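Okay, here's what each chain looks like letter by letter:
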Amino acid sequence: MAETSISLRALALIGSLKPSPAPSSSALIAEHVFETLRAQGMVCDSVRCVDFDIAPGVEADMGGGDQWPQIRDKVLDADILLVSTPVWLGHPSSITQRILERLDAELSNKDSQGRPAMAGKVAIVSVVGNEDGAHKTVADVFQGLNDIGFSIPAQGCTYWNGAAMESTDYTDLDEVPEAVASATAAAARNAAHLARLLQQSLYQPYE
């Protein structure tokens, strides 16, 4: 049952290497997270980042046609950020790494009481792939998001790994395994709960 509260916003940044409209397992698992968030009364939006010209760098705006600023505006408006990434060669995708590098600029973005601007926001992660590495990928992405100031809820990730060295994708599944569906729903519920708590009571001001 959804908790009663002012509606919150969730944003998924999709780290797929496949431009739209190609099917994307990372986008699909993000949509499955959104199903629970919408049931919690949240407004959800997603951005497939490969569709945008995101310049390399660690500034909020790198200029010269950089399209990160329009994505950044969506991040700033969101209460929950979902980073959804495939695993490639045991690591998050290069697009996901670019997302984290651009979010690094927020380390110097503070509120009026010295708190990181992202400290009032929740971050969760979803991972897909047909090779090992989901736990390491989650750990890498969580570490970056935590450094930037996002709050991580209990069991704030979900992942699906296909059989090693085979070609089945998450988009090929006739049915999501129960364990994965359960983890997906739990990550979304816990994120919604923590986001509402942070809405009601921020962290103490930084000295």
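Look up: the structure comes first, before these words.
What counts, and where the lines are drawn
Per-chain numbering applies: the sequence of each chain, read as written, is numbered from 1 onward. Only residues with pLDDT of at least 70 get local features here, since the model is predicted, and only at 80 or more are side-chain atom pairs given and counted; chain-wide, interface and lining totals rely on the full set of residues. For the side-chain quantities, the full set of heavy atoms in the structure was used; hydrogens and water were omitted. Throughout this description, buried means an accessible area under 20% of the type-specific maximum (1.4 Å probe, protein chains only), exposed means over 50%, and partly exposed covers the range between. Counting from the N terminus, the helices are DSSP H or I runs at least four residues long and the strands are E runs at least two residues long. One requirement defines pairing of two strands: DSSP has to find at least two bridges between them. For helices, the fitted axis covers only the stretch in contact; all axes are lines through C-alpha atoms, and the angles between them, taken along N-to-C directions, range from 0 to 180 degrees. For classification purposes, angles smaller than 35 degrees are called roughly parallel, those larger than 145 roughly antiparallel, those between 65 and 115 roughly perpendicular, and all remaining angles oblique. In a left-handed crossing the near helix is turned counterclockwise from the far helix by less than a right angle, and in a right-handed crossing that turn is clockwise. In this description, contact between two residues means that some pair of their heavy atoms is separated by no more than 4.5 Å. Each residue is assigned to one of three groups, with Ala, Val, Leu, Ile, Met, Phe, Trp, Tyr, Cys and Pro labelled nonpolar, Asp, Glu, Lys and Arg labelled charged, and all others, Gly among them, labelled polar. Throughout this description, the term salt bridge denotes a Lys or Arg side-chain nitrogen within 4 Å of a carboxyl oxygen of Asp or Glu.

S.K.: Before we go on, may I ask you to explain the pairing of strand β1 (residues 9-14) in this structure?
M.R.: The side chains of a regular strand alternate between the sheet's two faces. Of all six residues that make up β1, five are buried, and the element is covered over most of its length. Two elements, β1 and strand β2 (residues 43-48), share six bridges in a ladder whose sense is parallel. The residue bridging Ile14 from the neighbouring strand is Arg48, located in β2. In this sheet, strand β3 (residues 80-88) lies alongside β1 in parallel orientation, the contact comprising five bridges. Residue pairing across strands places Ala10 opposite Ile80, the latter belonging to β3.

S.K.: How do you make sense of the packing of helix α3 (residues 94-103) against helix α4 (residues 134-148) when you look at a structure like this?
M.R.: Two measures define how a pair of helices packs: the angle their axes make with one another and the distance between the axes. Interhelical geometry of α3 versus α4 gives an angle of 15° and a closest axis separation of 10 Å. Put simply, α3 runs roughly parallel to α4. Relative to α4, α3 is oriented so that their crossing is left-handed. Packed against α3, whose contacting residues are Thr96, Leu100 and Leu103, the element α4 presents Val141, Leu145 and Ile148 at the interface. Split into classes, the residues belonging to the contact of α3 with α4 amount to five nonpolar, one polar and no charged.

S.K.: Explain the pattern of salt bridges to me, please; I cannot follow it from the model alone.
M.R.: Where charged atoms from two side chains of opposite charge approach closely, those side chains can pair. A complete count under the given rule lists seven salt bridges for this structure. As a salt-bridge pair, Glu31 and Arg38 come within 2.6 Å of each other at their nearest N and O atoms. You can call Glu31 partly exposed: its relative accessible area is 32%. Between Arg102 and Asp66 there is a salt bridge; the shortest N-O distance is 2.7 Å. Linking Arg102 in helix α3 with Asp66 in the loop between β2 and α2 (68-77), this pair joins segments that are 36 residues apart in sequence.

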